[in-house]
Amino acid sequence: MSCSGTLSILRSDSYAELSQYRDQHFRGTRYDQERLLRKSCTLYVGNLSFYTTEEQIHELFGKSGDIKKVIMGLDKVKKTACGFCFVEYYARGDAENAMRYINGTRLDDRIIRTDWDAGFKEGRQYGRGRSGGQVRDEYRQDYDAGRGGYGKTVQCQ
Amino acid sequence: TQNVARLLPEKLTVYTTLVGLLNARNYNFGGEFVEAMIRQLKECLKVNMYNEAVHLVRFLSDLVNCHVIAAPSMVAMFENFVSVTQEEDVPQVRCDWYMFAFLSSLPWVGKELYEKKDAEMDRLLSQTESYLKRRQKIHVPMLQVWTADKPHPQEEYLDCLWFQIQKLKKDRWQERHILRPYLAFDSVLCEALQHNLPPFTPPPHTEDSVYPMPRVIFRMFDYTDDPEGPVMPGSHSVERFVIEENLHCIIKSHWKERKTCAAQLLSYPGNNKIPLNYHIVEVIFAELFQLPSPPHIEVMYTTLLIELCKLQPGSLPQVLAQATEMLYMRLDTMNTTCVDRFINWFSHHLSNFQFRWSWEDWSDCLTQDLEKPKPKFVREVLEKCMRLSYHQRIIDIVPASFSVLSPANPVCIYKYGDESNRSLPGYTVALCLTIAIKNKASNDEIFSILKDVPNPNQDDDDGEGFTFNPLKIEVFVQTLLHLAAKSFSHSFSALAKFHEVFKTLAESDEGKLHVLRVVYEVWKNHPQMIAVLVDKMIRTQIVDCAAVANWIFSSELAHDFTRFYIWEILHSTIRKMNKHVLKIHKELEETKARLARQHKRRDSDDDDDDDDRSTDREDGPLEEQIERLQEKVESAQSEQKNLFLVIFQRFIMLLTEHLVRCETGGIDVFTPWYKSCIERLQQIFLQHHQIIQQYMVTLENLLFTAELDHHILAVFQQFCALQA
């Protein structure tokens, strides 16, 4: 009797799976990156307000386990917070729970997004947009008070 | 089907019907299926998978309804289950499980079994009754969420189930809630040949057997709470049991997938006949408040409730608000551990909804003593809300009248900060240090600056220079923490950079204690910072766990003793200790395994390899490693035991002091402080029960002796009764 369809639903853990995103700046093969992602204890956290503090992040992400380190994402030029961070746990299981229960909930009234990260390396704490912040803030057209207002290209018009 | 039956127990009648129909077509299939299920049941019991085993038993009993299993053979199996209660020298929790497996199957199959074998069933039920009357229930108060019986008593789970089954019997086994698809196929099924269950002997009790913990049935709603909607089945109705069991099963099946879990809960059949939202909210809080621990990680329940609110925005938030209000009203008798969970849940929930709440509804708490449960709860909630946002936000979201409960602005207190403090001893050194640190001084430079600090404990100075000097510690720690106050990362960097200085100053036990004291003095407005600093200092071995325990019970912290953050720190400290022991143990086991593999490889190579001399040399390093790790494990285990002993000792001292004072003063023992303290002691036992079980003999002989005040001894006795 084949119930493999149902059984796969029962074992489903979709929130903790890898997303489609792969870091283009990663040094190594796709295979290397995916191997690291699958055993990583580090999460990338996006859509933060520029005003969200390390303390707030620690409080929220501490709900899924003991945090080893929080690294705030910085504008490459201004060296101020630019709306993302890395959260590293001691245990992968705690990071998985963050993916299951903290991803997609609110911090500072904003829905934040978490994703697996291959591991922090010096330099990765900086935004990769041309103006120094994150790429997404370069081109967006909307007004976001928590992320510096309009996108950079709009601001320069 | 078997796996699905085990993994989706809330849908079991669908699968039993399927099996029934297949059995009607193919007798052998039915036989093989039943045999496989029995094998699986035996396996589960052998490996302590008791929750799965219950579902297998229920599945088997429903197969009676589908004409797959003959009723008399099922009764025989239940007779063997109930006879476990006659076994001698076995833990009560073992008998409890077999009793539970029998009783909890009756809503499904009671009618059929009673129709076929009423005399035998009557006998089983009367044996059940006498067992339930004679079993001990000392453990129950430790597991209750509220100490009061009104409006809903917190019944022991077997007692509640027994009431429900008795009522079911009185109703002539008429059970109307469970969906029974097999009824529609009765004409086909009744033609089928039935199988007899093989005689089932319960596997004997062994030293490795670990039975489920006893439980208390959590209830917060009854039919009066939703007057407009369908009637909620009564607390002793079997429908209530079945609904709760199935909802718990759904959560157990889908806890990793919050959207699916919420959808499955809301699509539970019978929606228009039962107030489903109320059942769901009650079941979720039942799990969240379960003692000793919730079945799943706390944050899951917060997120699940948010998903449910998203799916039913017109009805569920109102039920949740009603539940919150009810929980608030009953705070006076709520177990402290459960209040902790309520605080965490409510503050996190609010942070997802812009902290919108009708705080004025709770202004009754403003007129109460701040140590009373209600104002205390609001204070702790506001503090947690602030941690998820920022201080001004909290001031803005509460009415002005609530400012007395608002958290302090989490700023650092630097005693050498103001010119007006220049008369303080160490002031000039503090200034020196500040300049030096800003100029990127090394550890050595710091040491030389600190050399100039006089030691107020002159007589203790043995001339070595590095004895306990509280002033040195004060000046250094105050200054450094003040300079690094900007963020957690800044403070962690500071601890790392000057690790050597810290280690030296905090070498002695008094040194460690004083470091902790100074950290508190600097950061008492920012409990979150204190917690992360203590965590870091333990992990970098600046202080040890016993020092933290002693610090928590010290007189300097008496004022904060009942605050939530103190207990978060203590339990986090204990957990670190536990994880440390497990980690070294694992290393030891892994190294032993490596040695064993090496031996195995050598044994299989023996025929080819004539060089036997290298074997001893190869073993050498690994054997040495194992010896070292063995020592490490023993030392860690000893440190772990010592930590618990220190904690228990301090509790006993503190509580005894209070009890004696009350007795001599003629005042009532039961102050808010006392309730909090005794429940915190209970919490230590409950949260770390597996580790503490190892120390029972020491605890009984050394600490929890008969001379102890009965109030304190009762906690220990309740704990012993949990797995007895």
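What you see as residue numbers is a count from 1 along each chain, following the sequence as written. By the order in which they are written, chains take letters starting at A while ligands take numbers starting at 1. Local features are withheld for residues below a pLDDT of 70 in this predicted model, meaning they are given only at 70 or higher, and side-chain atom pairs are given and counted only at 80 or more; totals for whole chains, interfaces and linings count all residues. To get the side-chain values, take all heavy atoms of the structure and skip hydrogens and water.

Comments concerning the packing of aromatic side chains
Each aromatic ring pair is described using two quantities: the centre-to-centre distance and the angle formed by the ring planes.
Residues and elements named next belong to chain B.
Logical step 1: Pairing of aromatic side chains requires ring centres within 6.5 Å, counting the rings of Phe and Tyr and the six-membered ring of Trp. Pairs whose planes differ by under 30 degrees are stacked, by over 60 edge-to-face, and all others tilted. This structure, assessed with the given rule, holds 55 aromatic pairs over all chains.
Logical step 2: Ring geometry for W567 versus F651: centroids 5.7 Å apart, planes at 25°, classification stacked. Linking W567 in helix α28 (residues 564-605) with F651 in helix α29 (residues 613-665), this pair joins segments that are 84 residues apart in sequence.
Logical step 3: The class of F651 is buried, set by a relative accessible area of 0%. Only runs of H or I of at least four residues qualify as helices and only runs of E of at least two qualify as strands under DSSP, and these elements are numbered from the N terminus. Three exposure classes are used, based on accessible area relative to the maximum for each residue type with a 1.4 Å probe and protein chains only: buried under 20%, partly exposed in between, and exposed over 50%.

Details of the confidence of the model for chain A
It should be kept in mind that the predicted coordinates are not to be read in detail where pLDDT is low.
Logical step 1: Of the residues in chain A, 94% reach a pLDDT of 70 or more, and the chain-wide mean stands at 93.
Logical step 2: Note on residues 1-5 of chain A: pLDDT under 50 across the span, and 4 contacts to partners over four residues away in sequence or across chains. Residue-level confidence of the predictor, termed pLDDT, takes values from 0 up to 100. The contact definition used throughout considers only heavy atoms, calling two residues in contact when any of these lie within 4.5 Å.

As for helix α23 (residues 488-497) of chain B
Logical step 1: Among the residues of α23 of chain B, F488, S491, F492, A494 and L495 of chain B are the ones counted as buried. Relative to the axis of α23 of chain B, the buried residues are bounded by an arc of 155° and lie together on one face.
Logical step 2: Residues of α23 of chain B that are buried make contact with α3 (54-61) of chain A together with α22 (470-483), α24 (499-505) and α26 (527-539) of chain B.
Logical step 3: The definition of a polar contact used here is a pair of N or O atoms within 3.5 Å, where within protein one atom must be able to donate a hydrogen and the other to accept one, and adjacent residues in sequence count solely through side-chain atom pairs. Near the N-terminus of α23 of chain B, the side chain that reaches the backbone nitrogen of S489 of chain B, with its oxygen 3.3 Å away, is that of S487 of chain B. What the arc covers is the set of directions going from the helix axis to the C-beta atoms.

So, unusual backbone geometry
A negative phi angle is the norm for most residues apart from glycine, just as the trans form is the norm for most peptide bonds.
Residue and element names in this part refer to chain B.
Logical step 1: Residue P151 is bonded to the preceding K150 through a cis peptide linkage, with omega at -10°.
Logical step 2: Mapped onto the elements of the fold, P151 is located in the loop between α9 (140-143) and α10 (157-170).
Logical step 3: Here L291 and P292 are connected by a cis peptide whose omega angle stands at 0°.
Logical step 4: Relative to the assigned elements, P292 resides in the loop between α14 (276-288) and α15 (298-311).
Logical step 5: The residue Q354 is not glycine, and still its phi comes out positive at about 50°.

As for the pattern of salt bridges
Residue and element names in this part refer to chain A.
Logical step 1: For salt bridges, the criterion is a side-chain nitrogen of Lys or Arg within 4 Å of an Asp or Glu carboxyl oxygen. Tallied over the full model, the rule gives 52 salt bridges over all chains.
Logical step 2: Across the pair R124 and D23 runs a salt bridge whose closest N-O atoms are separated by 3.2 Å. Taken together, the residues span a long stretch of sequence, with R124 in the loop between β6 (113-117) and α5 (136-139) and D23 in the loop between α1 (4-10) and α2 (30-39) at a distance of 101 residues.
Logical step 3: Look at R124 and you get buried, because its relative accessible area is 18%.

Thoughts on the side chain of Q528 of chain B
Logical step 1: Considering the arrangement of structural elements, one finds Q528 of chain B in helix α26.
Logical step 2: Those residues in contact with Q528 of chain B that lie beyond four places of it in its chain are E55, H58 and E59 of chain A together with R387 and F488 of chain B.

A few points about the environment of D117 of chain A
Residue and element names in this part refer to chain A.
Logical step 1: Within the secondary structure, D117 sits in strand β6.
Logical step 2: For the pair D117 and Y44, spaced 73 residues apart in the sequence, the C-alpha separation amounts to 5.6 Å.
Logical step 3: Those residues in contact with D117 that sit more than four places away from it in its chain are L37, S40, T42, L43, Y44, F86 and R124.

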